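Listed below, chain by chain, are the residues.
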Amino acid sequence: MMLGLLLARAGVDTLVLEKHPDFFRDFRGDTIHPSTMEAMYELGLLEEFLQLPHQETRLLKAMVGDTLLPMADFSELPTQAKFLAFMPQWDFLDFLARQARRYPCFRLEMSAAADSLIWEGDRVTGVTANTPEGPLTVRADLTIGADGRSSAIRREAGLAPQEIGAPMDVLWFRLSWKEGDPEESLGRIDSGHILALINRGPYWQCGYVIPKGTAEELMAQGIESLRQRIQEVSPFFADRVEELKSFDDVNLLTVAVDRLPLWHKPGLLCIGDAAHAMSPVGGVGINLAIQDAVATANSLAEPLFGQGPIGNDLLADVQKRREWPTRIIQGIQVAIQKRVISRVLASTGKTAPHWFLRLFIRFPYLRRLPAALIGLGVQREHVLSVERTGGGTDLTDQTRQGQG
Ligand SMILES: Cc1cc2nc3c(=O)[nH]c(=O)nc-3n(C[C@H](O)[C@H](O)[C@H](O)COP(=O)(O)OP(=O)(O)OC[C@H]3O[C@@H](n4cnc5c(N)ncnc54)[C@H](O)[C@@H]3O)c2cc1C
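Residues numbered from 1 in each chain as written. Predicted model: local features only at pLDDT ≥ 70, side-chain atom pairs only at ≥ 80, totals over all residues. Heavy atoms only, no water.

1. A word on the overall build of the protein chain
Moving on, step 1. Within the protein chain, the regular secondary structure consists of eleven helices and 21 strands.
Moving on, step 2. For 404 residues, the compact-globule estimate of 2.2 N^0.38 gives 22 Å, and the C-alpha radius of gyration of the protein chain, at 22 Å, lies within 12% of that figure.
Moving on, step 3. Dimensions along the principal axes, computed over C-alpha positions, put the protein chain at roughly 65 × 45 × 40 Å.
Moving on, step 4. For the protein chain, the proportion of its 404 residues judged to be buried stands at 54%.
Moving on, step 5. In the protein chain, of all internal contacts separated by at least 6 residues, the share reaching a separation of at least 24 is 76%.
Moving on, step 6. Counting every atom, the protein chain has about 17700 Å² of accessible surface; 54% of that belongs to carbon and sulfur.
Moving on, step 7. Across the protein chain, 42 positive and 50 negative side-chain charges occur, with their mean positions spaced 5 Å apart. (Helix = DSSP H or I, 4+ residues; strand = E, 2+ residues; numbered from the N terminus. Rg over C-alpha atoms; globule rule 2.2 N^0.38 Å. Buried < 20%, exposed > 50% of the residue type's maximum accessible area, 1.4 Å probe, protein only. Contact = heavy atoms within 4.5 Å. Areas by Shrake-Rupley, 256 points an atom, 1.4 Å probe, with all protein chains shown as cover. Lys, Arg positive; Asp, Glu negative; His and termini not counted. Charge placed at Lys NZ, Arg CZ, Asp CG, Glu CD.)

Structure follows, in structure tokens:
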């Protein structure tokens, strides 16, 4: 959606296909990071974006055992927004779609599931999609696979990811917020449990981390077993765990970490989770996907506007620019998965914070390092693509079978 907005803003005829009828799916995190808000600022949209309901966190904390640890302090970042914004992903996507629709060369087709690629020789020249009105054929100078970790586009292109792996999955559910609860979003880690709590106003969005592949076993034990675990790690939920009536109230989110060795084929580029599925550690996946989109538009908007089909070397440049930041962040995520998450999940006794993390209490400036990594990443992308208000060259030729 972000790349759709940026390309349409640069005058490129752009069609975004989304397989669901709306963005209202409760999955995968709510964090909008300072780097993403900086891109909004560069687009002149930050003020409007911040009108949407959200919570702001300047100091990210985690309760480890009985110790409240200040983990990341965003207030000193060299950005317009010196905080994490917690906002449901559907509100953010709707916002981007609204902004993109201001440009005449943008189209968003909902309930359109891309299912295969159109090839001319070894070049991808478009996609076909299933829609409620029938099959849709889209011819395009460039096809982007931004369809997430189970990307159909990358599969159809014969691009196979290298599995890096994650030791955990996440159970995702809601519990109501009550007077006297903490105000801020928080992580709680203790005695074999990891629980992420996102304050969404009237309710907490909760992510309970379990060892990979153990969801069925837990479900077989019944919902009471999950309720007990939640109370153990977050005693203030004792008066409302009954809100979870059964596992129907709980979604299993499978965590994957992988990366494509090659992100492109002639006429096709994968970005975001389709190129590199991110672990939820640090909550950075949305922002990496946004940075990919900004870098892609910076490199490709002008060639797409000016001359249509673009060479493979330009696609390779996008991969080159975005691959090393992805490798570094995934490397850090995997290290945390191994050294912290696996160990906590395997433990039974009381958890105490590592001595190094305790230094964060005494030396506030240490909190700036995780804030910079989480908030900005390792390679910041600035919006360089231009804005054109008129329509672009008509580069796509769409036909809906049966309608001509
Ligand atoms: C449990 C969990 C928690 C997470 N928490 C966070 C967090 O707090 N913060 C954070 O930044 N990241 C988080 N992440 C990572 C984050 O969700 C992803 O990195 C990010 O969503 C990637 O964005 P994307 O646009 O590449 O893919 P996605 O967000 O997966 O979007 C892909 C889109 O493509 C659509 N689609 C799929 N197939 C097709 C098709 N064939 N045709 C048309 N449309 C299609 C999908 O419906 C979807 O809308 C979390 C991940 C997990 C697993």
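2. What to know about the sheet that holds strand β19 (residues 264–265)
Backbone-to-backbone hydrogen bonds join strands into a sheet, with any given pair of strands oriented parallel or antiparallel.
Moving on, step 1. The three strands lie next to each other as β11-β20-β19, forming an open sheet whose pairing is mixed. At either margin of the open sheet sits one strand with a lone partner, and together these are β11 (143–145) and β19.
Moving on, step 2. In this sheet, strand β20 (residues 268–270) lies alongside β19 in antiparallel orientation, the contact comprising two bridges. For H264, the partnering residue across the bridge sits in β20 and is L269. (Pairing = 2+ DSSP bridges.)

3. Focus: unusual backbone geometry
Comment: phi is negative for the bulk of residues other than glycine, and the bulk of peptide bonds are trans.
Moving on, step 1. Not every positive phi belongs to a glycine, and S111 is a case in point at roughly 55 degrees.
Moving on, step 2. With respect to the helices and strands, the residue S111 is situated in the loop between β7 (106–109) and β8 (113–120).
Moving on, step 3. A positive phi angle, close to 40 degrees, is found at S191, a residue other than glycine.
Moving on, step 4. Relative to the helices and strands, S191 is located in the loop between β14 (186–190) and β15 (193–199).
Moving on, step 5. Judged by relative accessible area, S191 falls into the partly exposed class, the value being 23%.

4. Thoughts on the pattern of salt bridges
Moving on, step 1. Applying the stated criterion across every chain, the model contains 21 salt bridges.
Moving on, step 2. Here R107 makes a salt bridge to E109, at a shortest N to O gap of 2.7 Å.
Moving on, step 3. The class for R107 is partly exposed, based on a relative accessible area of 38%.
Moving on, step 4. On the accessibility criterion, E109 (10% relative accessible area) is buried.
Moving on, step 5. Of the charged contacts in the structure, one is a salt bridge between K350 and D190, with a shortest N-O distance of 2.6 Å. With a gap of 160 residues between them, K350 in the loop between α9 (312–346) and α10 (355–362) and D190 in strand β14 connect regions that are remote in the sequence.
Moving on, step 6. On the accessibility criterion, D190 (9% relative accessible area) is buried. (Salt bridge = Lys/Arg side-chain N within 4 Å of Asp/Glu carboxyl O.)

5. Examining the sheet that holds strand β16 (residues 203–211)
Moving on, step 1. Across the sheet, which stays open at both edges, the seven strands sit in the order β5-β4-β14-β15-β16-β13-β17 with mixed pairing between neighbours. With one partner strand each, in any of the chains shown, β5 (67–73) and β17 (251–253) form the two edges of the open sheet. Each adjacent strand pair in this sheet contributes to an overall mean axis angle of 25 degrees, direction not counted. (Axes fitted to C-alpha atoms, helices over the stretch in contact; angles between N-to-C directions.)

6. Section: the packing of helix α8 (residues 285–307) against α9
Moving on, step 1. Orientation of α8 relative to α9, taken along the N-to-C sense of each, is 165 degrees, at an axis distance of 10 Å. Relative to α9, the element α8 lies roughly antiparallel. When the axes of α8 and α9 are compared, the crossing they make is right-handed. The residues of α9 that touch α8, namely those facing L288, Q291, D292, A295, T296, S299, L300 and P303, are L314, L315, V318, R321, R322, T326 and I329.
Moving on, step 2. Counted by class, the contact of α8 with α9 contains eight nonpolar, four polar and three charged residues. (Parallel < 35°, antiparallel > 145°, perpendicular 65-115°, else oblique. Left-handed = near helix turned anticlockwise from the far one by under 90°. Nonpolar A, V, L, I, M, F, W, Y, C, P; charged D, E, K, R; others polar.)

7. Topic: empty space enclosed by the protein
Moving on, step 1. Taken as a whole, this structure holds one cavity of 30 Å³ or more when the rule is applied.
Moving on, step 2. One number sums up the size of the largest cavity: a volume of about 90 Å³.
Moving on, step 3. L288, Q291, L376, G377 and V378 are the residues nearest the centre of the largest cavity, which is lined by 16 residues in total.
Moving on, step 4. Residue contributions to the lining of the largest cavity peak at four residues, all from helix α11 (residues 368–376).
Moving on, step 5. Within the lining of the largest cavity, the residues separate by chemical class into eight nonpolar, seven polar and one charged. (1 Å grid on protein atoms, 1.4 Å probe; cavity = no way out; pocket = protein on both sides within 12 Å on 5 of 7 lines; lining within 4 Å. Points joined across faces, edges and corners; volume = space filled by probe spheres on them.)

8. Looking at the confidence of the model for the protein chain
One rule of thumb: low pLDDT means the predicted coordinates there are not for detailed reading.
Moving on, step 1. With 95% of its residues at a pLDDT of 70 or more, the protein chain has an overall mean of 91.
Moving on, step 2. Per-residue pLDDT stays below 50 along residues 392–404; that stretch engages in 35 contacts with residues further than four places along the chain or on separate chains. (pLDDT = per-residue confidence, 0-100.)

9. Examining the packing of aromatic side chains
Moving on, step 1. Scanning the entire structure with this criterion turns up eight aromatic pairs.
Moving on, step 2. A ring pair is formed by F356 and F360, whose centres lie 5.6 Å apart and whose planes are at 75 degrees; its orientation type is edge-to-face. Here F360 and F356 lie together in helix α10, a separation of four residues that amounts to about one turn.
Moving on, step 3. Site record: aromatic cluster; members linked through ring pairs are F49, F92 and F95. (Phe/Tyr/Trp six-rings, centres within 6.5 Å; stacked < 30°, edge-to-face > 60°.)

10. Overview of a nonpolar patch on the surface
Moving on, step 1. A cluster of nonpolar side chains, namely W324, I328, I332, I336 and V340, defines an oily patch on the protein surface of about 380 Å² accessible area.
Moving on, step 2. Relative to the elements of secondary structure, I336 occurs in helix α9.
Moving on, step 3. Residue classification places I336 among the partly exposed positions, given a relative accessible area of 33%. (Patch = residues over 30% accessible without salt bridge, like charges linked within 9 Å, V, L, I, M, F, W, Y side chains within 5 Å.)

11. Some thoughts on the pairing of strand β9 (residues 123–131)
Moving on, step 1. Where β8 lies against β9, seven bridges are found, and the strand directions are antiparallel. Looking across to β9, one finds that A114 is bridged to A129.
Moving on, step 2. The turn linking β8 back onto β9 is made up of two residues, and G121 within it adopts a positive phi angle of 65 degrees.
Moving on, step 3. The pairing of β9 with strand β10 (residues 134–139) spans six bridges and is classified as antiparallel. Paired with A129 across the strands is L136, a residue of β10.

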